[in-house]
Amino acid sequence: MDSWLKTRADKLAQAASKASKGFEDVLPIFEGSVPGASPASSTQNSGAKSLKFGQGALGFKLDKLYVIGVDKGTQAYRLGLCEGDRLVKVDGRLVPQFDGDDAEGQEKATKLVNKWLKEMPLPAILTFEPPAATGEEPEKSPAKAGDQGVAEDKRGW
């Protein structure tokens, strides 16, 4: 019985080792993580920041794919998320790229990201790039009389 168990354990260890090949760049994200919100390592040299969000409200608002608000005292605030940062990955899924004047592509990407954010299990890692890294600035929506700062496509997470 002991030899069978040892053989089975060895096979499982080999399978786990094979399954983890190719994830070497992701594994450091989980090192030293604690329950709740905690910063994870940056995944690129472009200034991208991967942030690990725990249970509860994330604490930021998006307009299209850009952060337009970070609530003080929330996970997003503690993790260093800034207005103007662009969401580029949702829990390992790359956000689709599109040309700046491609309204249809932007709309599709926004809908997909909103779906991913709504359905993602927590804890989850979201990756953002600051405006300097993307070379783009978020669009500013003109304020309207009676507007309370929240348009239909602006979501709070």
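Here, the structure is the one placed above.
Keep in mind it's a predicted model, so treat the numbers as computed, not measured.

> Describe the overall build of the chain, naming the residues involved and giving the relevant values.
The helix and strand tally for the chain stands at 5 helices and 8 strands. A burial count over the chain gives 32% of its 157 residues as buried. Across the chain, the fraction of contacts at a sequence separation of at least 24, relative to all contacts at a separation of at least 6, is 59%. On the chain, roughly 10200 Å² of surface is accessible, and the fraction owed to carbon and sulfur atoms is 54%.

> Describe the side chain of Ser50, and please don't skip the residues or the numbers.
Tracing the backbone through its elements, the reader meets Ser50 in strand 2 (residues 49-53). A residue is classified by how much of its surface remains accessible, and Ser50, at 1% relative accessible area, is buried.

> Quick one: what's the story with the packing of aromatic side chains, residue by residue and with numbers?
Using the criterion set out here, one finds 2 aromatic pairs in the structure. Measuring from ring centre to ring centre gives 5.9 Å for Phe53 and Phe60, while their planes differ by 50°; the resulting arrangement is tilted. Looking at Phe53, the relative accessible area reads 0%, which means it is buried. For the pair Phe60 and Phe128, a centre-to-centre distance of 5.7 Å together with 90° between the ring planes defines the contact as edge-to-face. Of the two residues, Phe60 sits in strand 3 (residues 60-63) while Phe128 sits in strand 7 (residues 124-129), which places them 68 residues apart along the sequence. The class for Phe60 is buried, based on a relative accessible area of 1%. Each residue in the set Phe53, Phe60 and Phe128 is aromatic and connected to the rest through ring pairs, giving one cluster.

> How would you summarise the pattern of salt bridges if you had to cite specific residues and measurements?
Note that side chains of opposite charge can pair when their charged atoms are close. What the rule picks out here adds up to 5 salt bridges. Between Lys64 and Asp63 there is a salt bridge, with its nearest N and O atoms 3.7 Å apart. A residue is classified by how much of its surface remains accessible, and Asp63, at 5% relative accessible area, is buried. Glu119 is paired through a salt bridge with Lys115; the nearest N and O atoms lie 3.4 Å apart. On the criterion of helical spacing, the pair formed by Glu119 and Lys115 is a turn pair, its members being 4 residues apart in helix 4 (residues 103-119). On the accessibility criterion, Glu119 (52% relative accessible area) is exposed. A residue is classified by how much of its surface remains accessible, and Lys115, at 45% relative accessible area, is partly exposed.

> Got a sec to walk through the pairing of strand 5 (residues 86-90)? Specific residues and values, please.
Sheet faces and side chains relate simply in a regular strand, where the side chains alternate between the two faces. Where burial is concerned, most of strand 5 is hidden: 4 out of the 5 residues are buried. In this structure, strand 5 lies alongside strand 7, joined through 4 bridges in antiparallel fashion. Bridge assignment links Lys89 to a residue of strand 7, and that residue is Thr127. Of the pairings in the sheet, the one linking strand 5 to strand 6 (residues 93-94) comprises 2 bridges and is antiparallel in character. The partner of Val90 across the bridge, within strand 6, is Arg93. Connecting strand 5 to the next strand, strand 6, in antiparallel fashion are 2 residues, including Asp91 with a positive phi near 50°.

Rules used in this analysis
Residues numbered from 1 in each chain as written. Predicted model: local features only at pLDDT ≥ 70, side-chain atom pairs only at ≥ 80, totals over all residues. Heavy atoms only, no water. Helix = DSSP H or I, 4+ residues; strand = E, 2+ residues; numbered from the N terminus. Buried < 20%, exposed > 50% of the residue type's maximum accessible area, 1.4 Å probe, protein only. Contact = heavy atoms within 4.5 Å. Areas by Shrake-Rupley, 256 points an atom, 1.4 Å probe, with all protein chains shown as cover. Phe/Tyr/Trp six-rings, centres within 6.5 Å; stacked < 30°, edge-to-face > 60°. Salt bridge = Lys/Arg side-chain N within 4 Å of Asp/Glu carboxyl O. Pairing = 2+ DSSP bridges.

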